[in-house]
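Observations on the model geometry
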Amino acid sequence: MDRDAFAASIDHTVLGPETTPADVERVLDEAAEYGMNVCIPPCYLDEADGRDVTVATVVGFPHGQHAPAVKREEAVAAWEAGADELDVVINVGRLRAGQNERVTEELADVVAAVPIPVKVIIEAPLLDDPEKRRACECAVDADADFVKTATGFEGGATVADVELMSDYLPVKASGGIGSYEKAKEMLSAGAERIGASSGVALVEGFDAGE
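Read on for a plain summary of the structure. Not measured: the values here are computed from a predicted model.

1. Points about the packing of helix H5 (residues 100-113) against helix H6 (residues 129-141)
Remark: H5 packs on H6, axes separated minimally by 8 Å, with the N-to-C direction vectors making an angle of 45°. Here H5 lies oblique to H6, going by the angle between them. In terms of crossing hand, the pair formed by H5 and H6 is right-handed. Along its contact with H5, which presents Asn-100, Val-103, Thr-104 and Leu-107, the element H6 presents Arg-134, Cys-138, Ala-139 and Asp-141. Considered class by class, the residues forming the contact of H5 with H6 number 4 nonpolar, 2 polar and 2 charged.

2. With respect to the nonpolar core
Formed by 66 residues in total, the largest nonpolar core has its most connected members in Phe-6, Leu-86, Ile-122 and Ile-194. If you look at the next biggest cluster of nonpolar residues, it comprises 7 residues, including Cys-39, Ala-56, Val-89 and Ile-121.

3. So, helix H8 (residues 180-189)
Within H8 the residues assigned to the buried category are Tyr-180, Ala-183, Met-186, Leu-187 and Ala-189. On its buried side, H8 packs onto helix H1 (3-8), helix H7 (159-165), strand S7 (171-174), strand S8 (191-196) and helix H9 (199-209).

4. Considerations on unusual backbone geometry
Keep in mind that most residues, glycine aside, have a negative phi and that most peptide bonds are trans. Here the bond from Phe-61 into Pro-62 is cis, since omega is 0°, no more than 30 degrees from zero. If you trace the backbone, Pro-62 turns up in the loop between strand S3 (55-59) and helix H3 (68-80). Positive phi values are uncommon outside glycine, yet Glu-123 reaches one of about 55°. Along the chain, Glu-123 turns up in the loop between strand S5 (118-121) and H6. Taking the relative accessible area as the measure of exposure, Glu-123 reaches 3% and is therefore buried. Residue Asp-143 is not a glycine yet carries a positive backbone phi of 70°. Mapped onto the secondary structure, Asp-143 falls in the loop between H6 and strand S6 (146-148).

5. Section: H5
Helix length check: H5, at 14 residues, gives a terminal C-alpha distance of 20 Å against a target of 20 Å (1.5 Å per residue), a fit within 8%. Of the residues making up H5, those classed as buried are Val-103, Thr-104, Glu-106, Leu-107, Val-110, Val-111 and Ala-113. For H5, the elements touching its buried residues are H3, strand S4 (85-89), helix H4 (92-96), S5 and H6.

The rules we used
Residues numbered from 1 in each chain as written. Predicted model: local features only at pLDDT ≥ 70, side-chain atom pairs only at ≥ 80, totals over all residues. Heavy atoms only, no water. Axes fitted to C-alpha atoms, helices over the stretch in contact; angles between N-to-C directions. Helix = DSSP H or I, 4+ residues; strand = E, 2+ residues; numbered from the N terminus. Parallel < 35°, antiparallel > 145°, perpendicular 65-115°, else oblique. Left-handed = near helix turned anticlockwise from the far one by under 90°. Contact = heavy atoms within 4.5 Å. Nonpolar A, V, L, I, M, F, W, Y, C, P; charged D, E, K, R; others polar. Core = buried A, V, L, I, M, F, W, Y, C linked by side-chain atoms within 4.5 Å. Buried < 20%, exposed > 50% of the residue type's maximum accessible area, 1.4 Å probe, protein only. Expected span 1.5 Å × (residues − 1).

Okay, here's the thing in structure tokens:
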């Protein structure tokens, strides 16, 4: 993988509860300079107007417990506001209760509502392996485009999770990826995207390693 492809695999992220417009402007500037994508809160999508950067935002974030109709409306609003991709948090409680059909229906409703790629955040740190597989199956059945390891609030990505999830759909590894070496591990395990707040450090780490 060359530098451009590596940078383009990174969703440079700022999603904390104290995120300011200035934080979003910084991330957008850095992404444009280094060739990365961004993942920003939906309330700041207007900050990305006119930027030549792929913009992802989140739906049902961070706990996934929004009512299904609210998730759908949030997805449509984000698309109409200029989002290029959506990262949607699964309802972990329904999944753990074995309500696979309801989980799938909710996700499928979001996927059908927008003409842009949808990544399903399964919050892998909260799940055992059979639950992770059921979550990925729900994402497949909903016709999602990616599965994503985690929001980052409950724990980070692991090589084992990426390997398991990549049996189903392309994987975005997210949470705790703060170095080029860690990102490289995730890509080697099968991830196609990296979600990280330290995107600049990752690309500079790539440059230093070449």
